[in-house]
Amino acid sequence: MVTGASDRDALWRARELALAGLMGALGLLLPIGFHALGWGGRVFLPMHLPVVVAGFLVSPGMAVALGIVVPFLSSVLTGMPPLAPPVAPLMAVELAAKAGAASVLYRGLRLPMWVVLPGALFIDWAVLALAAWLAAGVFAIKAGAIQYVAAAIAISLPGTILQVVAVPLTVLAIERRVPRLRPRKQDWTG
Amino acid sequence: MPHHIDLYVKRESALHRLDPRPKMLAAVGFIAAVLLAPIHPPWPMGALLLLLISTAAVARLPARLVCRRMLSLAVVIGMPFLLSRLGGEATRAAGEQFAARSLLVAAAFVVLMASTRADVLLAVAARLPLVSVFGQLGEFILRGADVLAEEVIRTNRAWALRAPSAALRVRLTGLTQASMSLIARAAARSERIGAAMVLRGFQYTLPMARPAPLPWSHLAAGLAFALLSLGIAGAAKWR
């Protein structure tokens, strides 16, 4: 039975870990489903969907951890995205930035969803450009980071539209089903 | 317990029996060697490839399986390489470096993951000081993926039995509804799992089994592989 503040905190942590784990599991399964239907992962960004949804529902630290873990785990379990060339590390940076930004803006600053999602997307692209520039240096690739990001945004336009439509609907549906997951004051400290 | 999503290939081999910790050490050494070794002259990359092929042979991994898994990377490695051939000398050299290094690192991961169960690797990662949070979350995701994969399989079977010849539009509507329902149910399920974890004594970290002692012979094997890889790269770089 939950009695004190410490127990309540542990319960909050446990629920958050469980929720992040299940959203991460969806982050592994959705790309498999999309690939089975023949829809490209780079076009529809199926891994991004549950991770960004989780960003709206868990604390920033957990959202960043989930964003880092999911691409690496998917790479280890399914072989995609590949670790070399460094697609998985770039995706990890991208997802961590996007989910972390969504969590900070939505749960921390309590901004409305229509501000949070574009904000998270812009932060994601800026961080992706920085990561691509660093990776190009490490792997001695002489392509421009800006060109890489521009190409990535152009290719994944259908996926971005899918996120803009599906993420708010999913978050609202989940919050209606589990009201406890709506943003609260202690999310900053959590 | 086997997982629904895993690249592990069950075989009776020395590499499969090897403790995962020295295997990770060997993989880190090999990747460092690949990144350090020059691609001209080509002998260090050739020697590293030979080392990897010998390891795959020791693991008794079918060549067809390794090639098939490498083939899935053909686009991500092949396209930039082919595009680099259109550029100047520096671009062509960068393309060659990219392709050679990517192929060897990817092949090393194929061999590592085919000979080591993912949950065992995650259990090792959960004990490492800096990445323990990621390891624990990864273990949780793996369990969650098993649970959700079971649900997907059940839904798919029910769908195939009840509407085997439904139109694509109906199927897509069903798929969307099922996906939304799966996400909403996952959120509701996390409430129950969280409560169960606290009742079983969860205090910010997941309970971990005590690590098995690491045999010296296993550690020596992993260390020897890493040093041999680094030796090849070092010999080529500072010759």
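Residue numbers restart at each chain and count upward from 1, following the sequence in its written direction. All chains are assigned letters beginning at A, and all ligands numbers beginning at 1, according to the order in which they are written. Whole-chain, interface and lining totals are the exception, using all residues; otherwise, since this is a predicted model, local features are given only for residues with pLDDT of at least 70 and side-chain atom pairs are given and counted only at 80 or more.

Secondary structure elements are defined from DSSP: runs of H or I of at least 4 residues count as helices, runs of E of at least 2 residues count as strands, and each element is numbered from the N terminus. Each helix and strand counted, chain A has eight helices and zero strands in total. Counting from the amino terminus, chain A carries its helices and strands in the arrangement α-α-α-α-α-α-α-α. With C-beta atoms placed from the backbone, a residue counts as buried when 20 or more other C-beta atoms lie within 10 Å of its own, as exposed when 12 or fewer do, and as partly exposed for counts between those limits. When burial is assessed residue by residue, chain A has 50% of its 190 residues classed as buried.

Across its full length, chain B carries 10 helices and zero strands. Counting from the amino terminus, chain B carries its helices and strands in the arrangement α-α-α-α-α-α-α-α-α-α. The size measure is the radius of gyration over C-alpha atoms, and the globule rule it meets is 2.2 Å times the number of residues to the 0.38 power. Taken over the C-alpha trace, chain B has a radius of gyration of 23 Å; the compact-globule value for 239 residues is 18 Å, which it surpasses by more than 25%. The buried share of chain B, taken over its 239 residues, is 32%. Sequence separation of 24 or more characterises 78% of the internal contacts of chain B that already satisfy a separation of 6 or more. Once C-beta atoms have been placed from the backbone, residue pairs whose C-beta atoms lie within 7 Å are recorded as contacts.

Let us now look at the interface of chain A and chain B. How large an interface is tends to be reported as the accessible area lost when its parts come together. Taken together, the contact between chain A and chain B spans 46 residues of the former and 49 residues of the latter. Those elements that provide at least two residues to the side of chain A that touches chain B are α1 (5–36), α3 (48–57), α4 (60–78) and α8 (157–177) of chain A. The dominant element in the side of chain A that touches chain B, judged by the number of residues it contributes, is α1(A), at 18 residues. In this classification, the charged set is Asp, Glu, Lys and Arg, the nonpolar set is Ala, Val, Leu, Ile, Met, Phe, Trp, Tyr, Cys and Pro, and all remaining amino acids, among them Gly, are polar. Residue composition of the side of chain A that touches chain B, grouped by class: 36 nonpolar, five polar and five charged.

Attention shifts here to helix α3 (residues 43–58) of chain B. Residue and element names in this part refer to chain B. Each helix should span, by expectation, one fewer than its residue count multiplied by 1.5 Å. Between the first and last C-alpha of α3 there are 22 Å, a value that for 16 residues agrees with the 22 Å anticipated at 1.5 Å per step. By the burial criterion, the buried members of α3 are Pro44, Met45, Leu48, Thr55 and Ala56. The buried residues of α3 occupy an angular sector of 120° when projected down its axis, which confines them to one face. Opposite the buried face of α3, by more than 90 degrees, sit the exposed residues Gly46, Leu50, Ser54 and Ala57. Contacts from the buried residues of α3 go to α1 (14–17), α2 (20–36), α4 (63–71), α6 (89–115) and α10 (216–237). The arc in question is the one spanned by the directions pointing from the helix axis to the C-beta atoms.

Residue and element names in this part refer to chain B. For every domain, the bounds stem from an assignment made automatically or drawn from a database. Taken as a whole, chain B is organised into domain 1 (14–124 + 213–237) and domain 2 (131–199). When each unit is reduced to the centre of its C-alpha atoms, the spacing between domain 1 and domain 2 is 34 Å. Each partner contributes to the interface: domain 1 provides four residues, whereas domain 2 provides four residues. Residue classes in the side of domain 1 that touches domain 2 are distributed as three nonpolar, no polar and one charged.

For the rest of this paragraph, the subject is the environment of Leu112(B). Residues and elements named next belong to chain B. Inspection of the secondary structure assignment puts Leu112 in helix α6. Under the C-beta neighbour-count criterion, Leu112 is labelled buried, with 21 such atoms within 10 Å. Residues Leu112 and Thr55, spaced 57 residues apart in sequence, show a C-alpha to C-alpha distance of 9.6 Å. Setting aside its immediate chain neighbours within four residues, Leu112 contacts Lys23 and Ala27.

Quick look at the packing of α3(B) against α6(B) now. Residue and element names in this part refer to chain B. Where α3 contacts α6, the two axes come as close as 10 Å, and the packing angle between them is 15°. With respect to their mutual orientation, α3 and α6 come out roughly parallel. Classified by chirality, the crossing of α6 by α3 is left-handed. On α6, the residues touching Met45, Leu48, Leu49, Leu52, Thr55 and Ala56 of α3 are Ala100, Leu104, Ala107, Ala108 and Val111. Classifying every residue of the contact of α3 with α6 gives 10 nonpolar, one polar and no charged. Structural elements are reduced to axes, namely lines fitted to C-alpha atoms, with helices fitted over the stretch in contact, and the angle between N-to-C directions of any two is expressed from 0 to 180 degrees. Oblique is the label for any angle not under 35 degrees, not over 145, and not in the 65 to 115 range, which are roughly parallel, roughly antiparallel and roughly perpendicular in turn. In this scheme the crossing of two helices becomes right-handed for a clockwise turn of the near helix relative to the far one and left-handed for an anticlockwise turn of less than a right angle.

With that settled, consider the packing of helix α7 (residues 118–125) of chain B against helix α8 (residues 132–162) of chain B. All names here are of chain B. At a minimum axis separation of 7 Å, α7 and α8 run at an interaxial angle of 155°. In terms of axis orientation, α7 runs roughly antiparallel to α8. Of the two elements, α7 crosses α8, and the hand of that crossing is left-handed. On the side of α7, the interface is formed by Ala118, Asp119, Leu122, Ala123 and Ala125, while α8 contributes Phe134, Gly135, Gly138, Glu139 and Leu142. Taken together, the residues that form the contact of α7 with α8 break down as six nonpolar, two polar and two charged.

Known as pLDDT, the predictor's per-residue confidence is scaled from 0 to 100. On average, chain A scores 82 in pLDDT, and the residues at 70 or more come to 86%. Of all the helices and strands in chain A, helix α2 (residues 41–44) of chain A carries the lowest mean pLDDT, 73, while α3(A) carries the highest, 91.

Along an α-helix, a turn takes 3.6 residues, which lines up residues three or four apart on a common side. Residues and elements named next belong to chain A. With 19 residues, α4 extends 27 Å from end C-alpha to end C-alpha; this agrees with the ideal 27 Å at 1.5 Å per step. Counting buried residues in α4 gives 16 out of 19 residues, a clear majority hidden from the surface. In the stretch just after α4, Gly79 is the one whose phi turns positive, near 85°.

Residue and element names in this part refer to chain A. Position of Ala88 among the secondary structure elements: in helix α5 (residues 87–108). Overall, Ala88 belongs to the buried group, with 21 C-beta atoms counted inside 10 Å. For Ala88 and Ser75, which are 13 residues apart along the polypeptide, the C-alpha to C-alpha distance reads 6.8 Å. In contact with Ala88, not counting residues within four places along its chain, are Pro71, Phe72, Ser75, Pro81, Pro82 and Leu83.

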